[in-house]
Amino acid sequence: MSKKPMSRIYFDHSATTPMLPEVVEAMRPYFIEQCGNASSIHSFGREAKRAIERARVYVAKLINAEPSEVIFTSGGTESDNLAIKGIATHEGRSRGHIITSKMEHHAVLEPCAFLRRAGFEVTELPITPDGFVEPRLVEAAIRKDTVLISVMMANSEIGTIQPTKDIGAIARAEGIPFHTDAVQAIGKVPVDVKRGNIDLLSLSSHKFHGPKGVGALFVREGVQIEPIIHGGGHERGLRSSTENVPGIIGLGKASEIAMADMKESNESMRRLRDRMFEAVLKTVPDSYLNGHPTRRLASNAHFRFDFIEGEGLVLGLDMLGIAASTGSACSTGSLEPSHVLLAMGLKHEQAHGSLRITLGRENNQEEVSYFLDVLPGVVSRLREISPFNSKRPMQGGNGESCVQ
Ligand SMILES: *Cc1c(COP(=O)(O)O)cnc(C)c1O
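Keep in mind that what you see is a predicted model, and the values were worked out from it rather than measured.

## Description of the site of the ligand
Close contacts around the ligand come from 13 residues, with Thr77, Asp181, Gln184, Ser204 and Lys207 the closest. Aspartate 181 has a polar side-chain atom sitting 2.6 Å from a nitrogen atom of the ligand. Here an oxygen atom of the ligand sits 2.6 Å away from a polar atom, N or O, in the side chain of serine 204. In the complex, the protein chains occlude 87% of the 380 Å² of accessible area that the ligand would expose alone. Ranked by residues supplied to the shell around the ligand, first place goes to helix H3 (residues 76-88) with 3 residues.

## Section: empty space enclosed by the protein
Over the atoms rolls a probe the size of a water molecule, and in doing so it shows where empty space is left. This structure, assessed with the given rule, holds 1 cavity of 30 Å³ or more. Within this model, the largest cavity holds a volume of roughly 160 Å³. Around the largest cavity, the lining comprises 19 residues; the ones closest to its centre are Gly187, Phe208, His209, Ser265 and Arg361. Classifying every residue of the lining of the largest cavity by side-chain character gives 9 nonpolar, 6 polar and 4 charged.

## Brief notes about the packing of aromatic side chains
Taken as a whole and judged by the stated rule, the model has 3 aromatic pairs. Ring centres of phenylalanine 11 and phenylalanine 371 lie 5.7 Å apart, and the angle between their planes is 85 degrees; on these two criteria the pair is classed as edge-to-face. Taken together, the residues phenylalanine 11 in the loop between strand S1 (9-10) and helix H1 (21-27) and phenylalanine 371 in helix H11 (residues 365-385) connect sequence positions 360 residues apart. Here phenylalanine 11 and phenylalanine 371 have matching classes, each one buried. Look at phenylalanine 303 and phenylalanine 305: their rings are 6.2 Å apart centre to centre, the planes differ by 35 degrees, and that puts the pair in the tilted class. For phenylalanine 303, a relative accessible area of 0% gives the class buried. Connected via pairs of aromatic rings, a cluster forms that spans Phe277, Phe303 and Phe305. Stacked on the ring of phenylalanine 114, the Lys or Arg lysine 85 has its end atom at 5.0 Å from the ring centre. Sitting above the plane of the phenylalanine 132 ring, arginine 295 keeps its charged end 3.8 Å from the centroid.

Parameters and conventions
Residue numbering note: each chain is counted from 1, following its sequence as written. In view of the model being predicted, local features appear only for residues whose pLDDT reaches at least 70, and side-chain atom pairs are presented and counted only at 80 or more, with totals across whole chains, interfaces and linings using the full set of residues. The side-chain quantities take in all heavy atoms of the structure and omit both hydrogens and water. By convention in these notes, a residue is near a molecule or strand provided one of its non-hydrogen atoms lies within 4 Å of it. N or O atoms closer than or at 3.5 Å make up a polar contact, with two conditions inside protein: a donor-capable atom paired with an acceptor-capable one, and, for residues adjacent in sequence, both atoms drawn from side chains. Where accessible areas are quoted, they stem from the Shrake-Rupley method and a 1.4 Å probe; at the residue level, only the protein chains shown are allowed to cover. Strands here are runs of E lasting at least two residues and helices are runs of H or I lasting at least four, both read from the DSSP assignment and numbered beginning at the N terminus. Note on definitions: the grid is 1 Å and covers protein atoms alone; a cavity is a set of points where a 1.4 Å probe fits but cannot get out; a pocket is an open set with protein on both sides within 12 Å along at least five of seven lines; lining residues have an atom within 4 Å of a point. Grid points are joined across faces, edges and corners, and a volume is the space filled by probe spheres set on the points. Gly is placed with the polar residues, together with every amino acid not listed as nonpolar (Ala, Val, Leu, Ile, Met, Phe, Trp, Tyr, Cys and Pro) or charged (Asp, Glu, Lys and Arg). Two rings from Phe, Tyr or Trp (for Trp, the six-membered ring) form a pair when their centres are within 6.5 Å of each other. A pair whose planes differ by under 30 degrees is stacked, one over 60 is edge-to-face, and the rest are tilted. Partly exposed describes any residue whose relative accessible area lies between the buried limit of under 20% and the exposed limit of over 50%, with all areas from a 1.4 Å probe on protein chains only and scaled to the type maximum. Two thresholds decide whether a charge sits over a ring: the Lys NZ or Arg CZ must be within 6 Å of the ring centre and within 35 degrees of the ring normal.

Structure (structure tokens):
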């Protein structure tokens, strides 16, 4: 049995990541001494403006864009909203067709649903059982009135890396703007908006060791979008409101570090992840991997265990000091299985029995050893009490109660 590590273990990096000390240090002066508003013409303001423009260069480099193509926002959700509503409603447009997929984040699906209620039509493409959007289906869905194609770069739940370059090429050939939510991909796969045929790209700082509440939208030069927040005309008129200076500095620093360390941190995460793949499937009976085994982020492991509920598993692991997540969200007392897992063809109870482990650069072998030691015991204890376990008689209830 491996020794329990001294501190709690964080295996939920797709939800958010810890900030790096260098990022905190880079932000610190901008809270107090360098408090300027970047729109002010005095020295405080000019310093803030210069710092923002330096950060913009790092964000642009991270995705091979021009600095003038980067718009700072409050995060991934706002970037997705700005891209989707900004294209759809450009110049007062109120009708049109949007293509997206069933595996998108809610930050894409919900703006699309909003536009549908407003009169647009939306096609949500199905996904393959191993977790991909197929370019040929994108091509087949294009209509004369298609105004936007939006497909994510890497999936937030199962980590599969989508063929966005091919999808972007199809969009470009048809003259349709292509948006990709790259929030999960940034810092983990090399992103090149020029070679990748991307017109709009969303990223979020807190998913790659920057601060929460700041992100960016790449808008290719020449692509016209409507702002969704109107005001003083900041960010080329596309995103009014006084810039979040410390946040933007933090995002710039996180981008600089991600570029320098991506290869090394990916290799380290992949080693840990592949060890988990092998050991979990071997030591836990009736366990499976969700999503394609290799065409996925190095940080992502997603397992499925028959006869158990993910919530119980996450809480059981939490009691042992391990933070992970599951394939369903337990909110308002009802269990909603993940829309991504259902779209892959999993049954409700299979989606419920899922566990998502998402690694970060600071995780190590000792933590993985401890996880691998305790997991089989947690799973088997849950199976003994599980209403899903057909090997055990049902004891009332419908198996849908929410473990709080
Ligand atoms: C986290 C996430 C978002 C939302 O980003 P926020 O900065 O938290 O608003 C959007 N898309 C994907 C794929 C995400 O993982």
